[in-house]
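Topology and contacts: notes
Each chain, letter by letter, is given below.
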Amino acid sequence: MLNLWGRISSINVRKVVWCAQELGLDFQRTEAGGAHGLVHTPDYLAMNPNALVPLLQYSLGDTPFVLWESNVIVRYLCARHSHGRLYPEPLEPRFDAERWMDWQQTTLNPAGRDAFVQLVRTPAAERDMQAVAASIAATEPLMALLDAHLGSRAFMTGEHFTMADIPVACEVHRWFGLPPADYRRPAWPNVERWFDTLRVRPAARGVLDLALA
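Quick summary incoming for the structure in this document. (Residues numbered from 1 in each chain as written. Predicted model: local features only at pLDDT ≥ 70, side-chain atom pairs only at ≥ 80, totals over all residues. Heavy atoms only, no water.)

**Some words on the environment of alanine 137**
Examined against the element boundaries, alanine 137 turns out to sit in helix 5 (residues 129–150). As for alanine 137 and asparagine 3, which are separated by 134 residues in sequence, their C-alpha atoms are 39 Å apart. (Helix = DSSP H or I, 4+ residues; strand = E, 2+ residues; numbered from the N terminus.)

What follows is the structure, given as structure tokens:
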């Protein structure tokens, strides 16, 4: 049995939910973080001293295995339940997938964070539009890079869907969901084609079809 803590409005929780659904795993999700609180309770901090979501507890016999960090959870679930498919077996395609997962977390996410926070989570009168402009300026070249990458392949690492597609697509979902009244994005046809393919996957329901919050 999988227990997952985290609010679905979190991009990092959405990654794990989609992954678990892709793998056909039964899981129970507890709302946590943000307005739901819980993450600063002693019991939660004993499992994740960072007081962040998501948090995964996997029952392995009498000893539950606890894991945090969203991309690590995605890797773990794919390695455990889809070795050789979502989790590539040969080292080169595996670390190609790892590279793009790290790129999402260390490069694309920090670039786009301010635009998302200001345009989606901040009241209009309180927005820092300089931060928005800087975020857009940092993100658009990365989206162009992604578009060029996807121009020669169906998915992030080639012709098959792998674990790498999950975090990158969750990031694109967030960027594409910015209010069009506040941000008119350029056309990235290869990213759009790829994203359209992913969002109709049955396992992506409840993730890529959600409005941002």
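**Some words on the side chain of glutamine 104**
Along the chain, glutamine 104 turns up in helix 4 (residues 91–120). Exposure remark for glutamine 104: the relative accessible area of 1% places this residue in the buried category. Dropping the residues within four chain positions of it, glutamine 104 is found in contact with Ile11, Lys15, Asn71, Asn109, Pro110, Pro167, Val168 and Glu171. (Buried < 20%, exposed > 50% of the residue type's maximum accessible area, 1.4 Å probe, protein only. Contact = heavy atoms within 4.5 Å.)

**So, the side chain of lysine 15**
One can find lysine 15 in helix 1 (residues 11–22). Glutamate 171 provides the closest opposite charge to the buried, unpaired lysine 15, separated from it by 5.8 Å. A polar atom in the side chain of lysine 15 sits 3.1 Å from the side chain of serine 70. For lysine 15, the contacting residues outside a window of four places in its chain are Ser70, Asn71, Val74, Gln104, Gln105, Ile166, Pro167 and Cys170. (Lys, Arg positive; Asp, Glu negative; His and termini not counted. Salt bridge = Lys/Arg side-chain N within 4 Å of Asp/Glu carboxyl O. Polar contact = N/O pair within 3.5 Å; in protein donor to acceptor, adjacent residues only side chain to side chain.)

**Quick word on the packing of helix 6 (residues 165–176) against helix 7 (residues 189–199)**
Viewed as axis vectors pointing N to C, helix 6 and helix 7 meet at an angle of 110 degrees, and their least axial separation amounts to 11 Å. As judged from the angle between their axes, helix 6 and helix 7 are roughly perpendicular. On helix 7, the residues touching Asp165, Val168, Ala169, Val172, His173 and Phe176 of helix 6 are Val191, Glu192, Trp194, Phe195 and Leu198. Class assignment for the residues of the contact of helix 6 with helix 7 results in eight nonpolar, one polar and two charged. (Axes fitted to C-alpha atoms, helices over the stretch in contact; angles between N-to-C directions. Parallel < 35°, antiparallel > 145°, perpendicular 65-115°, else oblique. Nonpolar A, V, L, I, M, F, W, Y, C, P; charged D, E, K, R; others polar.)

**As for the pattern of salt bridges**
Pairs may arise between side chains of opposite charge once their charged atoms sit close together. Here the structure, examined in full by the defined rule, presents nine salt bridges. Glutamate 192 is the salt-bridge partner of arginine 185, the closest N and O atoms lying 3.2 Å from each other. Residue class for arginine 185 comes out partly exposed when judged on its relative accessible area of 31%. Measuring nitrogen to oxygen at the nearest pair gives 3.0 Å for the salt bridge that ties aspartate 196 to arginine 199. Highlighted residues: aspartate 196 and arginine 199, both in helix 7, separated by three residues, approximately one helical turn. Under the relative-accessibility criterion, arginine 199 is labelled partly exposed at 44%. Put simply, Arg75, Glu98 and Asp102 are held in one network by salt bridges that share partners.

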